[in-house]
Amino acid sequence: MSTSEDKIVKTIAFVKEQLADAEGGHDWFHIERVYNNAKLISKTENVDVFVVALGALLHDIADSKFHNGDETVGPKIAREFLFKLNVDSLVIEHVIQIIENISFKGGNEAQNFHSPELDVVQDADRLDAMGAIGIARCFNYGGFKNRQLYNPDIKPNLKMGKEEYKSSKAPTINHFYEKLLLLKDKMNTKTGHKIALQRHAYMELFLKQFYNEWNAKL
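Predicted model, so just to flag it, every value in this text is computed and none were measured.

Conventions adopted
- Residues numbered from 1 in each chain as written.
- Predicted model: local features only at pLDDT ≥ 70, side-chain atom pairs only at ≥ 80, totals over all residues.
- Heavy atoms only, no water.
- Core = buried A, V, L, I, M, F, W, Y, C linked by side-chain atoms within 4.5 Å.
- Buried < 20%, exposed > 50% of the residue type's maximum accessible area, 1.4 Å probe, protein only.
- Helix = DSSP H or I, 4+ residues; strand = E, 2+ residues; numbered from the N terminus.
- Contact = heavy atoms within 4.5 Å.
- Lys, Arg positive; Asp, Glu negative; His and termini not counted.
- Salt bridge = Lys/Arg side-chain N within 4 Å of Asp/Glu carboxyl O.
- Polar contact = N/O pair within 3.5 Å; in protein donor to acceptor, adjacent residues only side chain to side chain.
- Axes fitted to C-alpha atoms, helices over the stretch in contact; angles between N-to-C directions.
- Parallel < 35°, antiparallel > 145°, perpendicular 65-115°, else oblique.
- Left-handed = near helix turned anticlockwise from the far one by under 90°.
- Nonpolar A, V, L, I, M, F, W, Y, C, P; charged D, E, K, R; others polar.

A. Just the nonpolar core, in detail. Membership of the largest hydrophobic core comes to 59 residues, with the highest contact counts inside it found for Val15, Leu57, Leu58, Leu82, Val87, Val95 and Phe176. Among the elements that make up this core, the one with the highest residue count is helix α3 (residues 49-58) (8 residues). Discounting chain neighbours no more than four positions away, the residues touching Phe176 are Ile135, Cys138, Phe139, Leu181, Met203, Phe206 and Leu207.

This is the structure:
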């Protein structure tokens, strides 16, 4: 086993331990799916696969949603872990930049860092918020937050800033319009966009069925 492979194995073990009690949409299995998506997308991109792997595995090590909105916890935990793992300092800084810039944050915030590796990990993460799994995660988190499924009187807000987005208590269906249905046009890579098209279509079909059932239509 190469040094890089050994460090990835140790990172996987660390992430599994850290997220043992995580909410179902942000647990180890979410990380594993993003990791696998990232490896798939990397096959058609010119990237440092080691940076991509570490970025994917550590991107949600301490999601701010579960730490009172504090966005510094995840990068701090990741930095300390990678330092103890004797990862090269430039790689550590790149991974931290990925963690700090991957989030959707309402879709209206400027991204302060760009790299092909971030593009891959960001696409991989966004794909997991789409399609059948995206729908399941969306309602799982809505239940975790005790949100209404849907309220026709509360319209989606497409102009939220980062803080407003993070503190939103809107019904779960609104989240489709405020994030999930916007992701298709925010993909960075050709492979990511190709997969996103199919998952986007599935979500549109789900919403059509949802409204038919809600309104007692045949």
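B. Structural context of the side chain of Arg199. Topologically, Arg199 is positioned in helix α10 (residues 190-214). In this structure Arg199 is buried but unpaired, with Asp128 as the nearest side chain of opposite charge at 4.9 Å. For Arg199, the side chain forms a polar contact with the main-chain oxygen of Leu127, separated by 2.7 Å. Residues within four places of Arg199 in sequence aside, it is in contact with Asn37, Leu127, Asp128, Met130 and Gly131.

C. Molecular detail of the packing of helix α4 (residues 73-84) against helix α5 (residues 89-101). Following both chains from N to C, one finds α4 and α5 inclined at 160°, their axes separated by 10 Å at the closest point. Relative to α5, the element α4 lies roughly antiparallel. Seen along the crossing, α4 lies across α5 with a hand that is right-handed. On α5, the residues that touch Pro75, Ala78, Arg79, Leu82 and Phe83 of α4 are Ile92, Glu93, Val95, Ile96, Ile99 and Glu100. Across the contact of α4 with α5, the residue classes tally to 8 nonpolar, no polar and 3 charged.

D. Representation of unusual backbone geometry in the model. With a phi close to 60°, Asn86 is a non-glycine residue in the positive phi region. Of the residues examined, Asn86 reaches a relative accessible area of 62% and is grouped as exposed. Phi is positive for Asn146, close to 55°, though the residue is something other than glycine. Locating Asn146 in the fold gives a position in the loop between α7 (131-144) and α8 (162-166).

E. Quick peek at the packing of α5 against helix α6 (residues 116-127). In the contact formed by α5 and α6, the axes pass within 10 Å of each other and the chain directions differ by 45°. Considered as vectors, α5 and α6 are oriented oblique to each other. The chirality of how α5 crosses α6 is right-handed. Touching His94, Ile98 and Asn101 of α5 are Glu117, Leu118, Val121 and Gln122, all from α6.

F. Expanded view of the pattern of salt bridges. Per the counting criterion, the structure on display carries 6 salt bridges. Between Arg79 and Glu93 there is a salt bridge, and its shortest N-O distance comes to 2.4 Å. Within this pair, whereas Arg79 is found in helix α4, its partner Glu93 is found in helix α5, the two being separated by 14 residues in sequence. The class for Glu93 is partly exposed, based on a relative accessible area of 38%.

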